[in-house]
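Listed here are the chains, written in short residue letters.
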Amino acid sequence: MATVATCGGDAVGVGSAVATASKSNVTSFQRRGPRVSGTNDSGPRLVSITGTRPSVRNGQLLVSTGLPALDQLLGGGLAVGTVLLIEEDKYNIYSSLLFKYFLAEGIVNGHTLLVASANEDPANILQELPAPLLDNCKKEFDEDVYNHKTPESNIKMKIAWRYQLLPKMEQIRPVSSSRFGHYYDASKRIPQELIEASKWHGFFLPEKISPTLKVEPCSLTHGYIKLLQFIQNIIYEEGFDGSNPQKKQKNILRIGIQNLGSPLWGDDICCTENGDSGHNLTKFLYVLRGLLRTSLSACIITMPTHLIQNKAFIAHVTNLSDTVVGLESFIGSERETNPLYKDYHGLIHIRQIPRLNNLVCDESDVKDLGFKLKRKLFTIEH
């Protein structure tokens, strides 16, 4: 009995010590499970930001790409602090659409945008963003199916087959601004009031490069330096690197870089097989990843890899990216007239998924999927 009493006394002493230590934030362990409401919670907690959620596999903070089906293929979404490389389709039709979905998702969630382009003014890009579907997406999906010229006898079978895939690929739910991932109407433009209420920064290369600046032909390394400095200033000055603890509410910086590596950026990697500026592009990606890793930001880059002459260089670019998705359009190819692909406009290839806090990456069961741009929706299907 004395032994029990002694143990009880020690337990009380330890409990008092832990309580005292927890108040001064010196304890090396935290209590698991839900905390009692009203208690002083001074321990570290997962950052809660609108439009984000933690990965169920590794706890990494995720943001939506703006396409819920693509989020699921990437393991739940795009990890904060990573780069998503989109290999453009031949005519840059569908890759630019995914680029705009990513930016539109940021506006809907109140994230800060940074849009960089060498051929189109970022202000004009924002005007072309698709409108969010605030009604039930299932109704919009039904309209798209019925509007196609399909025999009435096949409509029910077609809807049943597609809905069979939806729980796995396209979860149809009412869209609200508080949920993760939204659907967008490609036939409409985002309301002007949403753009005016958003916070964004634009980098238009022709405005950043002085016409009197003497640079070598086909080598605009000055453009990459300017862009890195611009991104770095936004990250540091607006506290996305966590250096401003007084900031009341954390936010995400969504960075979108369009047509990187194209001749419009001054690269010759698309002109010759042994381009001199190829090293400049890889250095740019290397430094960019370093900036993203230490900040609350996520980046999407579209690149015309089909124009790059040196295919070995593509492997270097892939290694310097975290997630790589390739788009293959059927326009002008043999598959456009192939009856096997008559229901699709192209293929989406999952080239690479990052290994984050894991020894292995989340491999998707299916790496090559068909996509189709309907009247309103961009869908990914088996």
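The structure contained in this document is the topic of the report that follows. Remember, predicted model here, so these are calculated numbers, not experimental data.

1. What about the overall build of the protein chain?
Point 1. Within the protein chain, the secondary structure is distributed over eleven helices and 14 strands.
Point 2. For the protein chain, buried positions account for 48% of its 382 residues.
Point 3. Residue pairs at least 24 apart in sequence account for 72% of intrachain contacts in the protein chain once pairs closer than 6 positions are excluded.
Point 4. For the protein chain, the exposed surface amounts to about 19,900 Å²; the carbon and sulfur share of it is 53%.

2. Focus on the packing of aromatic side chains
Point 1. What the rule picks out here adds up to ten aromatic pairs.
Point 2. With 5.1 Å between their ring centres and 65° between their planes, Phe330 and Tyr341 make a pair best called edge-to-face. One end of the pair, Phe330, is in the loop between β11 (323-329) and β12 (346-352); the other, Tyr341, is in the loop between β11 and β12, and eleven residues separate them in sequence.
Point 3. Each member of the aromatic cluster is reached from another via a ring pair, and the members are Tyr94, Tyr101, Tyr184, Phe371 and Phe378.

3. A short note on the nonpolar core
Point 1. Core analysis: the largest hydrophobic core is formed by 43 residues, its most contacted members being Leu70, Leu103, Val325, Ile348, Phe378 and Ile380.
Point 2. Counting residues per element, this core draws most heavily on helix α3 (residues 94-109), at ten residues.
Point 3. Within the second largest apolar cluster, 38 residues are counted, among which are Leu205, Ile235, Ile301 and Leu320.

4. Describing the sheet that holds strand β3 (residues 78-79)
Point 1. Pairing is antiparallel in the open sheet, where three strands are placed in the order β1-β2-β3. Two strands in the sheet have a free side with no partner beyond their single neighbour: β1 (52-54) and β3.
Point 2. The pairing of β1 with strand β2 (residues 61-63) spans three bridges and is antiparallel. Residue pairing for β2: Pro54 is matched across the bridge by Leu61.

5. Notes on the pairing of strand β10 (residues 297-303)
Point 1. Counted residue by residue, β10 has seven buried out of seven residues, so it is predominantly covered.
Point 2. Because side chains alternate across β10, one face comprises the buried residues Ser297, Cys299, Ile301 and Met303, and the other comprises Ala298, Ile300 and Thr302, equally buried.
Point 3. Here strand β4 (residues 83-87) runs beside β10; their pairing, made up of five bridges, is parallel. Bridge assignment links Glu87 to a residue of β10, and that residue is Met303.
Point 4. In the sheet, strand β9 (residues 253-257) pairs with β10 via five bridges, with the strands oriented parallel. If you follow Ile257 over to β10, its bridge partner there is Ile301.

Parameters at a glance
- Residues numbered from 1 in each chain as written.
- Predicted model: local features only at pLDDT ≥ 70, side-chain atom pairs only at ≥ 80, totals over all residues.
- Heavy atoms only, no water.
- Helix = DSSP H or I, 4+ residues; strand = E, 2+ residues; numbered from the N terminus.
- Buried < 20%, exposed > 50% of the residue type's maximum accessible area, 1.4 Å probe, protein only.
- Contact = heavy atoms within 4.5 Å.
- Areas by Shrake-Rupley, 256 points an atom, 1.4 Å probe, with all protein chains shown as cover.
- Phe/Tyr/Trp six-rings, centres within 6.5 Å; stacked < 30°, edge-to-face > 60°.
- Core = buried A, V, L, I, M, F, W, Y, C linked by side-chain atoms within 4.5 Å.
- Pairing = 2+ DSSP bridges.

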